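In case you want the letters, here they are:
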Amino acid sequence: MEMVQTKVHHKKRQVVIFIILILLWEAGSESIQYSVLEETESGIFVANLTKDLGLRMGELAARGARVVFKGNKQYLQFDPETYDLLLNEKLDREELCGSTEPCVLPFQVLLENPLQFFQAVLLIRDINDHAPEFPAREMLLNISEITMPGKVFPLKMAQDLDAGSNSLQSYIISSNPHFHVLTRNRKDGRKSPELVLDKALDREVQPELRLTLTALDGGSPPRSGTTEIQILVLDINDNTPEFAQEFYEAQVPENSSLGSLVITVSARDLDAGSFGEVSYALFQVDDVNEPFAINANTGEIRLRKTLDFEEFQSYQVDVEATDGGGLSGKCSLVIKVLDVNDNAPELTMSSLTSPIPENLPEIIVAVFSVSDADSGHNQQITCSIDDNLPFLLRPSVENFYTLVTEGALDRESRAEYNITITVTDMGTPRLKTEHNITVRVSDVNDNAPAFTQTAYTLRVRENNSPALHIGSVSATDRDAGANAQVTYSLLPPHDPHVPLASLVSVNPDNGHLFALRSLDYEALRAFEFRVGAADRGSPPLSSQALVRVLVEDANDNAPFVLHPLQNASAPCTELVPRAAEAGYLVTKVVAVDGDAGQNAWLSYQLLKATEPGLFGVWAHNGEVRTARPLSERDAAKQRLVVQVKDNGEPPLSASVTLHVLLVDGFSQPYLPAPEAEAADAGPADPLTVYLVVALASVSSLFLFSVLVFVAVRLCRRGGAASVGRRSVPEGHFPGPLVDVSGTGTLSQSYQYEVCLRGGTGTNEFKFLKPVLSNFMGERVATDTEENSNCGNHFGFN
């Protein structure tokens, strides 16, 4: 604590308490008094507080009872089992209270939940453990032989630290014919001895006397202390010194500097010469503790030791004036010590609760008492805290305060408060004491975890390895401790048919997401699920976030040729009239790719040809056209191998073999021999067999029509050749890539298809349907049925 002088800031809450109002009890409450003999051994039973306070058995322990003395002294303690009040240490009344009687130690019994005070006092009863003591073992008196009987001579007092009946009660003197002793009660309550002359002294008979003075206390048995009185009988000295006043009063501030003049006393002696010379001395001086000194010649009394109003409020001093003949006179001086504001207020913390829970109003944080050792106006106190804190100071019983929360606190806004309690007195100058406490706010689970994003989008390349880490979700909780520990989990999908448990998993501790199996873009392009985040508070709070997983395509599907198919029972032969010019459309290779994006971009190229340079393939659409006009020198049978390649990394490809027959007409001699066809053909697959059977059933219906049609075409060869001409585009072909988006369609010029099969010996005319279905990697049998035949395309529109 730091003691400084300051003015109380006008922005602080102030609660003024006047310490001089000792009793500020709760309504109807009374103080309870207990007593104990001093020097009693510790651990002795003092009281049954449970009974005296009217509480239930065990309530003291349940409510955290504490005994609070001034200065946080612990004179009493609770029995840990019965909670009876026991003496905590051996007490010395004289050390605690000095000469003050009765010796009372006030204390408070503090209960919590709810906060309650009980006022009590502990009375320390005196025992006769001190004997009276004189300040010196010998006193010296000079008495003139002409002193008349009845003269009173004050003597130095004895002191007894005990109180009451155990304190000093009387004085006695040893038996002698000249003196007896009186015990005088002083105004300050002390008892002083006075020696009374009973019979005149004669120096010539007895120049010196020795007497024993005994001081007795009232104990049982009584204790005593003695001192010797040496009396010197002086020759004739008619007058004794006399003070101007028998009783002097003086006031001195407690902060007076050493050497300060307190008062000047004066005495005179009517004798002449040395018998009239007066010297001054303090009577019954304790050289160690006496704070005053007197000038023997001038009678000036000055301060020789620092005064403390809180220790002694007044002093009673006897001054003795002695002449040159040894005669003396005495006067009394009362010096009152004036209080100045030299003591800063004291704050004693009785109870401090930290941490305190958030979200609860009116929580008692601290209980403390304030005091000031000064008096009067210097003892008046104000108590305050900073105005911008969510706390209040409330006065309680006597000089106690409670520090409570003004409202519910929020740990997430502020987890710790440094509070300065300022106690200021009203003296001049004002003194203050500052006491700093730290109050921490404990966490309550009042915040649910919050995801960093409301929705997450993750991308996973297909064909991933199982248990692949595909991403993470993250949630934070503003609470602390277990209330901030987040656990992640997968929430049940909205669609119960989605096998979420076999697709992904989440690490409950860190939110890492893993793909449990290899994903296939062609089967599952995207899926969604929800991840929950729950804290470990009581009760637990949770939140959720949406996770969208996009499966990225990998180039794992090679192009698939739809037209012409290579699995037919017999290879297809394209018929091209020898009269065809350059650019004549022979056929169109149609292919699809099950992948997506650039992995599905297809390009076509001619790998092999019987006569290079005779045919060409358009790279972007797969059209096979004549590169130059046909001639009689060109072989009748041409074999072309066309490659279809995608744009993946690495690229995948497929190839198709085309058979082209150059004919002057469509007669049977130009068809390949059945044996050759059968030799080239591999084993027929079941689908081909089914198609052959189906076609054979209707071949008789089409045979006649086809023969007529072929005859007409042979007769009009020249005309047909001119109809079939196509101009070849000049310049380079378009770019090598074309995105077919997973589908293949024939050119609109493909309206009819003629397939000549050497194996059947029949010619077949078929109306060709446009290919519109999305194959996307599917190998459907119906596609085979629709596209299994190939023929010569004549470009009828």
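Remember, it's a predicted structure, so these values are computed and weren't measured experimentally.

> Explanation requested: the state of the cysteines in the structure shown.
Each disulfide consists of a covalent bond between the sulfur atoms of two cysteine residues. Tallied over the full model, the rule gives one disulfide. Between the sulfur of C97 and that of C103 lies a disulfide, 1.8 Å long from S to S. Because the sign of the S-S torsion sets the handedness, a value of about 65° for the bond joining C97 and C103 places this disulfide among the right-handed ones. C97 gets classed as buried once you look at its relative accessible area, which sits at 16%. Residue class for C103 comes out buried when judged on its relative accessible area of 0%.

> What is the right way to look at the nonpolar core in this model?
Within soluble globular proteins, side chains that are nonpolar tend to cluster in buried spots. Formed by 28 residues in total, the largest nonpolar core has its most connected members in L76, L85, F107 and L122. The set of elements that each furnish at least two residues to this core consists of β3 (32–37), β4 (45–47), β5 (66–69), β6 (76–78), β7 (85–87), β8 (103–111) and β9 (116–125). The element that contributes the greatest number of residues to this core is β8, accounting for five residues. If sequence neighbours within four positions are ignored, F107 has contacts with Y34, V67, V68, F69, L76, L85, F118, Q119, A120, V121 and L122. Counting residues in each nonpolar core, the second largest holds 26 residues, with Y488, V504, L519 and Y521 among its members.

> Would you explain the environment of S472 in this entry?
Within the secondary structure, S472 is located in strand β36 (residues 468–472). Of the residues examined, S472 reaches a relative accessible area of 30% and is grouped as partly exposed. A sequence separation of 16 residues divides S472 from Y456, and the C-alpha atoms of the two residues are 8.8 Å apart. Leaving out residues up to four positions away in the same chain, S472 has contacts with Y456, G511, H512 and L513.

> How do you make sense of the side chain of E145 when you look at a structure like this?
Summarising the element assignment, E145 is placed in the loop between β10 (138–144) and β11 (152–154). Here E145 is buried and forms no salt bridge, its nearest opposite-charge partner R203 lying at an N-O distance of 6.3 Å. From its side chain, E145 meets the backbone nitrogen of R203 in a polar contact 3.3 Å long. Not counting the four nearest positions on each side in its chain, E145 is found in contact with L201, D202, R203, E204, V233, L234, D235 and I236.

> Is there a simple way to think about a nonpolar patch on the surface in this case?
On the surface, a nonpolar cluster with roughly 280 Å² of combined accessible area is contributed by F704, V708 and V712. You can see V708 is positioned in helix α6 (residues 686–715). Judged by relative accessible area, V708 falls into the partly exposed class, the value being 38%.

> Looking at this structure, how should I read the pairing of strand β40 (residues 512–515)?
The side chains of a regular strand alternate, first on one face of the sheet and then on the other. Here β40 shows a clear split, with L513 and A515 buried on one side and none of H512 and F514 buried on the other. When β36 meets β40, the two strands line up antiparallel, connected through four bridges. Bridged to S472 within β40 is H512. Pairing between strand β39 (residues 504–506) and β40: three bridges, direction antiparallel. Paired with V506 across the bridge in β40 is L513. Here β39 folds back onto β40 in antiparallel fashion, the turn holding five residues, of which G511 has a positive phi close to 80°.

> Can you help me understand the sheet that holds strand β12 (residues 168–173) in this one?
The strands that make up a sheet pair up through hydrogen bonds in the backbone, lying either parallel or antiparallel. Here four strands make up an open sheet; going across it, the order is β10-β16-β15-β12 and the pairing mixed. In this open sheet, the two strands that pair with only one neighbour each are β10 and β12. The average undirected angle you get between the axes of adjacent strands in this sheet is 25°. In terms of strand pairing, strand β15 (residues 208–217) meets strand β16 (residues 224–234) through nine bridges, oriented antiparallel. Directly across from T212, in β16, lies its bridge partner E228.

> Can you help me understand unusual backbone geometry in this one?
A negative phi angle characterises most non-glycine residues, just as the trans form characterises most peptide bonds. Omega for the peptide link from S354 to P355 comes to 5°, which places this bond in the cis form. The residue P355 is located in the loop between β26 (346–352) and β27 (356–357) in this model. Put simply, E649 and P650 share a cis peptide bond, and its omega is 0°. Mapped onto the fold, P650 is located in the loop between β50 (637–646) and β51 (653–663). Even without a glycine there, the phi angle at Y83 is positive, about 60°. Here Y83 shows up in the loop between β6 and β7. A positive phi angle is found at E362, which is not glycine, with a value near 55°. Assignment of secondary structure puts E362 in the loop between β27 and β28 (364–371). For E362, a relative accessible area of 41% corresponds to the partly exposed category.

> What is the right way to look at the layout of surface pockets in this model?
In this approach the atoms are scanned with a rolling probe the size of a water molecule, which exposes any empty space left behind. A volume near 790 Å³ is recorded for the second largest pocket. What lines the second largest pocket is a set of 26 residues, and nearest its centre among them are P154, E246, K330, C331 and S332. Looking at the lining of the second largest pocket, the elements with two or more residues in it are β11, β14 (191–197), β17 (242–243), β24 (314–322) and β25 (328–338). Counting residues per element, the lining of the second largest pocket draws most heavily on β25, at five residues. Here the lining of the second largest pocket is composed, by residue class, of ten nonpolar, seven polar and nine charged.

> So what exactly am I meant to see when it comes to the sheet that holds strand β35 (residues 455–461) here?
Across the sheet, which stays open at both edges, the four strands sit in the order β35-β42-β41-β38 with mixed pairing between neighbours. Whereas interior strands pair on both sides, the edge strands pair on one side only; in this sheet they are β35 and β38 (486–490). For this sheet, the mean angle separating the axes of adjacent strands, direction not counted, is 30°. Bridging between strand β41 (residues 526–535) and strand β42 (residues 542–552) involves nine bridges; their strand directions are antiparallel. Note on β42: the bridge partner recorded for R530 is L546.

> Hey, could you run me through the pattern of salt bridges in this one?
Following the criterion strictly, the structure yields 23 salt bridges and no others. Among the ionic pairs, E112 bridges to R66, the shortest N-O distance being 2.9 Å. With E112 in the loop between β8 and β9 and R66 in strand β5, this residue pair connects regions lying 46 residues apart in the sequence. Given the relative accessible area of 25%, R66 is considered partly exposed. Salt bridges sharing partners connect three or more residues here, namely R93, E94, E101 and D126.

> Just to check I follow, could you spell out the packing of aromatic side chains for this structure?
What the rule picks out here adds up to 13 aromatic pairs. Each ring, one from F69 and one from F107, has its centre 4.9 Å from the other, and the planes form 35°; the classification is tilted. Of this pair, F69 sits in strand β5 while F107 sits in strand β8, placing them 38 residues apart in sequence. For F69, a relative accessible area of 3% corresponds to the buried category. Connected via pairs of aromatic rings, a cluster forms that spans F69, Y75 and F107. If you follow K330 out to its NZ or CZ, it ends over the ring of F283, 4.5 Å from the centre.

> Teacher, can you tell me more about the pairing of strand β29 (residues 380–384) here?
The buried fraction of β29 amounts to five of the five residues, a majority that puts the element mostly inside the structure. With burial as the criterion, each face of β29 is covered, one bearing Q380, T382 and S384 and the other bearing I381 and C383. Two strands pair when backbone bridges link them, and β29 and strand β32 (residues 416–425) are joined in this way by four bridges, in the antiparallel orientation. Looking at β32, one finds that C383 is bridged to V423.

Conventions used here
- Residues numbered from 1 in each chain as written.
- Predicted model: local features only at pLDDT ≥ 70, side-chain atom pairs only at ≥ 80, totals over all residues.
- Heavy atoms only, no water.
- Disulfide = S-S within 2.5 Å.
- Buried < 20%, exposed > 50% of the residue type's maximum accessible area, 1.4 Å probe, protein only.
- Core = buried A, V, L, I, M, F, W, Y, C linked by side-chain atoms within 4.5 Å.
- Helix = DSSP H or I, 4+ residues; strand = E, 2+ residues; numbered from the N terminus.
- Contact = heavy atoms within 4.5 Å.
- Lys, Arg positive; Asp, Glu negative; His and termini not counted.
- Salt bridge = Lys/Arg side-chain N within 4 Å of Asp/Glu carboxyl O.
- Polar contact = N/O pair within 3.5 Å; in protein donor to acceptor, adjacent residues only side chain to side chain.
- Patch = residues over 30% accessible without salt bridge, like charges linked within 9 Å, V, L, I, M, F, W, Y side chains within 5 Å.
- Areas by Shrake-Rupley, 256 points an atom, 1.4 Å probe, with all protein chains shown as cover.
- Pairing = 2+ DSSP bridges.
- Axes fitted to C-alpha atoms, helices over the stretch in contact; angles between N-to-C directions.
- 1 Å grid on protein atoms, 1.4 Å probe; cavity = no way out; pocket = protein on both sides within 12 Å on 5 of 7 lines; lining within 4 Å.
- Points joined across faces, edges and corners; volume = space filled by probe spheres on them.
- Nonpolar A, V, L, I, M, F, W, Y, C, P; charged D, E, K, R; others polar.
- Phe/Tyr/Trp six-rings, centres within 6.5 Å; stacked < 30°, edge-to-face > 60°.
- Lys NZ or Arg CZ within 6 Å of the ring centre and 35° of its normal.

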